[in-house]
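A closer look at the structure
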Amino acid sequence: MNQQMMKQAVANAATEFLVPHLGENVTIGIGTGSTANFFIDALAEHKNKIAATVASSIATEERLRAHEITVIDLNEATHIDFYIDGADEANHQLQLIKGGGGALTREKIVASAAKEFVCIADESKLVDQLGAFPLPIEVIPMAARYVSREIVELGGKPILRANVMTDNGNIILDINDFTISNPNETETMLNMIPGVVTNGLFSLRPADKLFLGSASGRVKELRIKSE
């Protein structure tokens, strides 16, 4: 089973998990990226049971609307019951690195608003320590050089993501060669740098469960591992 097939398998698993919960008072937050797209396509078969969704990006909103699935603004939602999204990396505490698709800020907002965060990924994304995948940071453009200098002081190597502007009109710096030994502290520290909108560490609000696709075709369900 290749990576695309694993993504399809976890998207199907997440859909199967979600369908019994669907109803007129259930609102679903949906992430951005290739794995989330598989989930949207699988969920579309049950669109008549979906009350409303909240999209984490313009691209996700467009895909949902193409399937004639109702999309509302987060400000219109009284609650979000479930948030479903992929990840670039996940550890055994279900802390994540996200933002490879550039939607990290809106993803973090919707995930934080959700009662339950379900992450879907293939087995290559599970790591013992976060940081091999470059950590994305959304930055206000005028602060790019200042933020870059601050990151260098912290031991990271920031690289501007070329020709990318977020849905919020900002740029993305990807931090390479960055040790993340304490994700909670790192997430907080980076967000305190003036000019940083947010960073791609989902540690303070990790996933509640992770559906992990394997090459054998089996989908594992992981929950937060106790220390």
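In this report, we go over the structure that sits alongside the text. (Residues numbered from 1 in each chain as written. Predicted model: local features only at pLDDT ≥ 70, side-chain atom pairs only at ≥ 80, totals over all residues. Heavy atoms only, no water.)

Regarding its fold elements, the protein chain presents 6 helices and 13 strands. Scaling as 2.2 N^0.38, a compact globule of 227 residues should have a C-alpha radius of gyration of about 17 Å, and the protein chain matches this with 17 Å. By its C-alpha atoms, the protein chain is 50 × 40 × 30 Å across when sized along the principal axes. In the protein chain, buried positions account for 53% of the 227 residues. Sequence-distant contacts, at least 24 apart, represent 74% of the contacts inside the protein chain between residues at least 6 apart. Total accessible area on the protein chain is roughly 10600 Å²; 49% of this is exposed by carbon and sulfur atoms. Computing the positive centroid from 20 side-chain charges and the negative centroid from 29, the protein chain places the two 2 Å apart. (Helix = DSSP H or I, 4+ residues; strand = E, 2+ residues; numbered from the N terminus. Rg over C-alpha atoms; globule rule 2.2 N^0.38 Å. Buried < 20%, exposed > 50% of the residue type's maximum accessible area, 1.4 Å probe, protein only. Contact = heavy atoms within 4.5 Å. Areas by Shrake-Rupley, 256 points an atom, 1.4 Å probe, with all protein chains shown as cover. Lys, Arg positive; Asp, Glu negative; His and termini not counted. Charge placed at Lys NZ, Arg CZ, Asp CG, Glu CD.)

The subject of this paragraph is the sheet that holds strand S10 (residues 196-199). Strands sit in the order S8-S9-S7-S10 across an open sheet of 4 strands; the sheet is antiparallel. At either end of the open sheet lies a strand with only one pairing partner, and these are strand S8 (157-160) and S10. Here the strands of the sheet are splayed against their neighbours by 30° on average, with no regard to which way each runs. Relative to S10, strand S7 (residues 135-139) runs antiparallel, the two sharing 3 bridges. Looking across to S10, one finds that Val139 is bridged to Val196. Together, S7, S8, strand S9 (171-176) and S10 form the strand contacts of helix H5 (residues 144-153), whose direction differs from that of S9 by roughly 15°. (Pairing = 2+ DSSP bridges. Axes fitted to C-alpha atoms, helices over the stretch in contact; angles between N-to-C directions.)

Okay, the pattern of salt bridges next. One pass over the structure, following the stated rule, counts 13 salt bridges. Residue Lys209 is joined to Glu116 by a salt bridge in which the shortest nitrogen-to-oxygen separation is 3.7 Å. Separated by 93 residues along the polypeptide, Lys209 in strand S12 (residues 209-213) and Glu116 in strand S6 (residues 114-122) bring together distant segments of the chain. When salt bridges with common partners are traced through the structure, they connect Glu116, Lys209, Glu221 and Arg223 into a single cluster. (Salt bridge = Lys/Arg side-chain N within 4 Å of Asp/Glu carboxyl O.)

Spatial strand order, S2-S1-S3-S6-S12-S13: 6 strands in an open sheet with mixed pairing. The sheet is open, and its two edges are formed by strand S2 (52-55) and strand S13 (219-223), each paired on a single side. On average, each strand axis in the sheet is inclined to that of its neighbour by 20°, with strand direction left out of account. On top of the sheet, helix H1 (residues 3-18) reaches strand S1 (27-30), strand S3 (80-85), S6, S12 and S13; it is set at about 155° to S6, its chief contact. On top of the sheet, helix H2 (residues 34-43) reaches S1, S3 and S6; it is set at about 150° to S1, its chief contact.

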